[in-house]
Amino acid sequence: MTQVSMTIDGVRYDDDVEPRMLLVHYLREVAGRIGTPIGCDTSNCGTCTVLLNGLSAKSCSVLAVQADGAEITTIQGMANGEWHPLQQAFHEEHALQCGYCTPGMIMAAADLLRDNPNPTEQEVREGLEGNLCRCTGYQNIVRAVRRAASASQGAAE
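Computed from a prediction, not measured in an experiment: that's the story for all the values here.

If you check the backbone angles, S43 has positive phi at about 70 degrees while not being a glycine. Mapped onto the fold, S43 is located in the loop between helix 1 (23–30) and strand 3 (49–52). Located in the positive-phi region is Y138, a residue other than glycine, with phi close to 75 degrees. Position of Y138 relative to the elements: it lies in the loop between helix 5 (121–127) and helix 6 (139–156).

Following this line, the structure appears as structure tokens:
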């Protein structure tokens, strides 16, 4: 067992873990952050994307011990009493069907918007290319990300 300490959605966790435990399993099984789904376990689909020290990371490709000392934000940590602008935009633009990919899409989009607060449609598509959706065709997802970007810019003015 290896001791790890990390802050997840503003709460500090100190635990002993198996060195081979994936971060996605730590988040779900130890920290109870079940909003982060387990998808492919091969980092192909992106459903398990979280923010690791502010950058998007597929939590199925990171060991919990590698996240020692990290600040992690999950989909559950995005909202502060009300929906995050990305969550609101996904709702308003009907950017989900089954919803399985949605947490990863929102987390990847948050990273994209941090670096590029006003992305073009093509930049959104490129920014989300590591996250797969089998239901929506991506049109509404792209619209939602651009809507959230517009809403964030309007709030900043």
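Once you've had a look at it, read on.
Attention shifts here to the packing of helix 3 (residues 85–92) against helix 4 (residues 102–115). Relative orientation of the contacting elements helix 3 and helix 4 amounts to 125 degrees, with a least axis distance of 10 Å. As far as their axial angle goes, helix 4 and helix 3 are oblique. Crossing geometry of helix 3 relative to helix 4 is assigned as right-handed. Of the residues in helix 4, those in contact with L86, Q87 and F90 of helix 3 are T102, M105, I106, A109, A110 and L113. Its residues assigned to classes, the contact of helix 3 with helix 4 comprises seven nonpolar, two polar and no charged.

Before going further, it helps to spend a moment on helix 4. Compared with the 20 Å implied by 1.5 Å per residue over 14 residues, the 20 Å span of helix 4 between its first and last C-alpha is a close match. Burial runs high along helix 4: 12 of the 14 residues are buried. Of the positions making up helix 4, those classed as buried are T102, P103, G104, M105, I106, M107, A108, A109, A110, D111, L112 and L113.

Okay, the environment of L55 next. Its location among the elements puts L55 in strand 4 (residues 55–58). For the pair L55 and R114, spaced 59 residues apart in the sequence, the C-alpha separation amounts to 9.1 Å. Among all residues touching L55, those that are not within four sequence positions of it are V50, D111 and R114.

Residues M78, L86, F90, M105, L128, I141 and V145 are the most contacted members of the largest nonpolar core, which totals 25 residues. Looking at this core, the elements that each hand over two or more residues are helix 2 (75–78), helix 3, helix 4 and helix 6. Among the elements that make up this core, the one with the highest residue count is helix 4 (eight residues). Discounting chain neighbours no more than four positions away, the residues touching I141 are F90, A95, M105, L128, C133 and T136. Residues V17, A31, V50 and A70 belong to the second largest nonpolar core, which totals 18 residues.

About the cut-offs
- Residues numbered from 1 in each chain as written.
- Predicted model: local features only at pLDDT ≥ 70, side-chain atom pairs only at ≥ 80, totals over all residues.
- Heavy atoms only, no water.
- Helix = DSSP H or I, 4+ residues; strand = E, 2+ residues; numbered from the N terminus.
- Axes fitted to C-alpha atoms, helices over the stretch in contact; angles between N-to-C directions.
- Parallel < 35°, antiparallel > 145°, perpendicular 65-115°, else oblique.
- Left-handed = near helix turned anticlockwise from the far one by under 90°.
- Contact = heavy atoms within 4.5 Å.
- Nonpolar A, V, L, I, M, F, W, Y, C, P; charged D, E, K, R; others polar.
- Expected span 1.5 Å × (residues − 1).
- Buried < 20%, exposed > 50% of the residue type's maximum accessible area, 1.4 Å probe, protein only.
- Core = buried A, V, L, I, M, F, W, Y, C linked by side-chain atoms within 4.5 Å.

By themselves, these are just geometric observations and shouldn't be taken as functional.
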